[in-house]
Amino acid sequence: MRYFGTMNNNNGTLEIGGISVKKLAQKYKTPLYIIDQQLVEDNILNYKNNFKSNLFETEIVYASKAFLSKGICQLLSKYDLSIDAVSAGELYTIKSSDFPMHKVHMHGNNKTIEELKMCLDYNIGSVILDNVEEFNLLNKICEEINKNMDVMLRLNIGIDAHTHEYIKTSKHSSKFGESIFGDKVIDTIKKISDSKHLNLLGFHCHIGSQIFDTKAFLEGIEVMIKFLKKTSETLNIKIPEINLGGGFGVYYTEEDVEIDIKSFMQEMIKHIEKISQKENVNLEKVTIEPGRSIIANAGSTLYSVGYTKETFSGLKYVFIDGGMSDNIRPALYQAKYEAVVANKLNDPLTETVTIAGKCCESGDLIIKDCHLAKTDFNDLILVASTGAYGYSMSNNYNKLVRPAVVFVKDSKAQLSIKRETFEDLIKNDLPLENL
Ligand SMILES: *Cc1c(COP(=O)(O)O)cnc(C)c1O
């Protein structure tokens, strides 16, 4: 397993943030999400220090769906980052952390009236409009209450980059944004720019997640700048900003050649400067929206080993006290991870096992064919890089309670999200009156 951030082997036991995972397990029980706070802060600074230009302002917006808690909002606020939301629940969570709401940007392809009103009520920074119907609705609400809002328009730019390569064929069927290839888009942009209540800042795109092919991003930049130029000339309007989304790929296993954020942010900036100068486009601001690449490697999940089993077919299982309820990604889309026996780091990796959870689904596997030290009952297994889309996709299947989240730094641990209780499991559950 690759070590990240402050992970350290202290006499065979893994430490994170200077604290032994054995101590964390004793104090907070397992399963437990552990966030290496120093690594989160380093990742934030890596973006801040390298995604900047002398020609235009830059903004870094953390994509909150990767992992959202009051604690992460406080950390982002400490470094002056912005944050996005895609639902009323995310907006509410962000607001509850006292985050400066003018640095919140609202996404989503189907925002409800309630959500749009909440954006206005909270005075957030901007709404990224997905389509013309949404424009009509937001415009009408703004007229009714005589309020203004900054907006961007999300574009489908025909680059659909999902995993290892980007595909330019499935581009037209995405549910997000307005396609730049139709004629409709110009009418939509004209409507927005004519609105008295909505102020069109510019265009947004997000071409996918866990992308390794940096060419896809560079090509996206060119498409965005050229489209901005064409549109502002056609409509004779000024469009000062672009937002290029997130999706920078990270390391989970040896199959992944992650994007080096420092050098790629510098490369992106140079590319944006070059293309905008070449096209004679005067950009005032460029925004990016990293989620996974800020939090994935900073988070790990600590489990206790229960039983082991060798099946008739010869497959060896190690069972852990969590599973698809705290990490659904392997079951959902065959996501891969690395793990160690965190209290036996110096033991040889003699075993090839499947780490399986305790949920009632055969697909409740966390890692297949994992090379581990030989385990005993109550050993600790740490699965690395679960910080993104782990807690945020967690669920109560089989009425398992969501684990706690603890932030560690400088040999101190802070409980950031409490473990759910049985009471939490039934707090919204009402007995029937009529039987
Ligand atoms: C999910 C998402 C992101 C972040 O993607 P990551 O792969 O986590 O970096 C950014 N922008 C938008 C609009 C998104 O939907």
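Residues numbered from 1 in each chain as written. Predicted model: local features only at pLDDT ≥ 70, side-chain atom pairs only at ≥ 80, totals over all residues. Heavy atoms only, no water.

With that settled, the discussion passes to the pattern of salt bridges. All told, the structure shown has 18 salt bridges when counted by the stated rule. For the salt bridge of K78 with E41, the shortest nitrogen-to-oxygen distance reads 3.0 Å. You can see K78 sitting in helix 3 (residues 70-78) and its partner E41 sitting in helix 2 (residues 37-50), a full 37 residues away along the chain. Among the residues examined, K78 registers a relative accessible area of 51% and is labelled exposed. K215 is the salt-bridge partner of D213, the closest N and O atoms lying 3.7 Å from each other. The class of D213 is buried, set by a relative accessible area of 14%. For K215, a relative accessible area of 53% translates into the label exposed. (Salt bridge = Lys/Arg side-chain N within 4 Å of Asp/Glu carboxyl O. Helix = DSSP H or I, 4+ residues; strand = E, 2+ residues; numbered from the N terminus. Buried < 20%, exposed > 50% of the residue type's maximum accessible area, 1.4 Å probe, protein only.)

Structurally, the position occupied by H105 is in strand 7 (residues 104-106). With a relative accessible area of 11%, H105 lands in the buried category. At a separation of 2.8 Å, a polar atom in the side chain of H105 contacts the side chain of E59. Here S126 takes part through its side chain, which lies 2.7 Å from a polar atom of the side chain of H105. Filtering out sequence-adjacent residues up to four positions away, H105 remains in contact with E59, V61, S82, I83, D84, A85, I124, G125, S126 and I128. (Polar contact = N/O pair within 3.5 Å; in protein donor to acceptor, adjacent residues only side chain to side chain. Contact = heavy atoms within 4.5 Å.)

Take it as geometry only, folks, not as evidence of what the structure does.
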